[in-house]
Amino acid sequence: MRIGLYPGTFDPVTLGHIDIIERASLLVDRLVIGVAINRDKGPLFTLEERVGMVEDEISRIAAQSGTEILVHPFENLLIDCARDVGASVIIRGLRAVADFEYEFQMVGMNRALDAGVETVFLMADARRQAIASKLVKEIARLGGNVSQFVPAPVVVALTERFNRAPR
């Protein structure tokens, strides 16, 4: 069984993340969405909320692709998480050249830690390249409409979190 791991903080999950999940689900037999517990990033949403947001989206994708998709919170090294879930492939999304430099360094470090785990990059869909969770949160905080960037339940969660009605 080919198992892939798509890690991220998903704070919040965006349509860009969903695009990568949909496409990655066609490449593996089981896709594990690793929701990182990254205290340094100071997430807007709790781990439970972020896991819930991802879980809300994956059942439809799993049904369409026929791939088993699971959500797995983690706080350890990415390569250790890959081992924990039995993943032989780490899937990463790239939006722009700026992403590549960081990801290139991460691949080198992960290969040094475990050469048996490959990293596969999926380019963001052209319609989704500008979407970044950080920017989505900023737009929502300032009362902007984020419905073109995130799933409908996430729009509601952001609106409630910032206690604002979207424009």
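All chains use their own residue numbering, which begins from 1 and follows the written sequence. Totals for whole chains, interfaces and linings use every residue, but because this is a predicted model, local features are given only for residues with pLDDT of at least 70 and side-chain atom pairs only at 80 or more, for both listing and counting. No hydrogens and no water enter the side-chain calculation; it runs on all heavy atoms of the structure.

The name an unreviewed UniProt entry assigns to the protein chain is Phosphopantetheine adenylyltransferase, from the organism Frigidibacter albus. The record in UniProt for the protein chain states the following under Sequence similarities (unreviewed entry): "Belongs to the bacterial CoaD family." Quoted verbatim from the Catalytic activity (unreviewed entry) field of UniProt, the annotation for the protein chain is "(R)-4'-phosphopantetheine + ATP + H(+) = 3'-dephospho-CoA + diphosphate". UniProt positions are given in the numbering used here, feature names are shortened, and annotations may be inferred rather than shown by experiment.

(A) Molecular detail of the pattern of salt bridges. We define a salt bridge as a side-chain nitrogen of Lys or Arg found within 4 Å of a carboxyl oxygen belonging to Asp or Glu. By the definition in use, this model includes 11 salt bridges. Between arginine 30 and glutamate 68 there is a salt bridge; the shortest N-O distance is 2.8 Å. With arginine 30 in strand S2 (residues 30–36) and glutamate 68 in strand S3 (residues 68–74), the pair connects residues that are 38 residues apart, well separated along the chain. Using a 1.4 Å probe on the protein chains alone, a residue whose accessible area is under 20% of its type maximum counts as buried, one over 50% counts as exposed, and one in between counts as partly exposed. With a relative accessible area of 22%, arginine 30 lands in the partly exposed category. Taking the relative accessible area as the measure of exposure, glutamate 68 reaches 35% and is therefore partly exposed. Linked through salt bridges whose partners overlap, the residues forming this network are Asp80, Arg83 and Asp114. Secondary structure elements are taken from DSSP: a helix is a run of H or I of four residues or more, a strand is a run of E of two residues or more, and numbering for both begins at the N terminus.

(B) Region of the structure containing the packing of helix H1 (residues 15–24) against helix H2 (residues 47–65). Lines fitted to C-alpha atoms define the axes, with helix axes restricted to the stretch in contact, and inter-axis angles between N-to-C directions lie between 0 and 180 degrees. Two elements in contact, H1 and H2, have axes whose closest approach is 10 Å; the angle formed by their N-to-C orientations is 30°. Judged by the twist between their axes, the crossing of H1 over H2 is right-handed. Along its contact with H1, which presents Ile18, Ile21 and Glu22, the element H2 presents Glu57, Arg60 and Ile61. Counted by class, the contact of H1 with H2 contains 3 nonpolar, no polar and 3 charged residues. Two helices cross in a left-handed way if the nearer one is turned anticlockwise from the farther one by less than a right angle. They cross in a right-handed way if the turn is clockwise. By definition in these notes, contact holds between two residues if any of their heavy atoms fall within 4.5 Å. Throughout this entry, Asp, Glu, Lys and Arg are counted as charged residues, while Ala, Val, Leu, Ile, Met, Phe, Trp, Tyr, Cys and Pro are counted as nonpolar. The remaining residues, Gly among them, count as polar.

(C) Representation of the pairing of strand S4 (residues 89–94). With 5 of its 6 residues buried, S4 lies for the most part within the structure. For strand S1 (residues 3–8) and S4, the ladder comprises 2 bridges, and the chain directions are parallel. Looking at the pairing, leucine 5 lines up with isoleucine 90 of S4. Where S4 lies against strand S5 (residues 118–123), 6 bridges are found, and the strand directions are parallel. Looking at S5, one finds that leucine 94 is bridged to methionine 123. Handedness of the crossover joining S4 and S5 through helix H4 (residues 97–113) is recorded here as right-handed. Strands qualify as paired when DSSP identifies two bridges or more between them. Throughout, right-handed denotes a crossover for which the path from the first strand over the helix to the second runs clockwise when the strands point away from the viewer.

(D) Seen up close, the UniProt feature "domain: Cytidyltransferase-like" (unreviewed entry) in the protein chain. The residues that UniProt annotates with the feature "domain: Cytidyltransferase-like" (unreviewed entry) are residues 5–138. Summarising residues 5–138: 45% helix, 22% strand, and an end-to-end C-alpha distance of 28 Å.

(E) Region of the structure containing the nonpolar core. To qualify as a nonpolar core, a set must consist of buried Ala, Val, Leu, Ile, Met, Phe, Trp, Tyr and Cys residues joined through side-chain atoms within 4.5 Å. Counting 34 residues, the largest nonpolar core has Leu31, Ile33 and Ile91 as its most contacted members. Considering every element that reaches this core, the biggest residue donor is H2, with 7 residues. Leaving out residues up to four positions away in the same chain, isoleucine 91 has contacts with Gly4, Leu5, Tyr6, Pro7, Ile20, Ala24, Val28, Leu31, Val120 and Leu122. Membership of the second largest hydrophobic core comes to 13 residues, among which are Val32, Cys81, Val85 and Val117.

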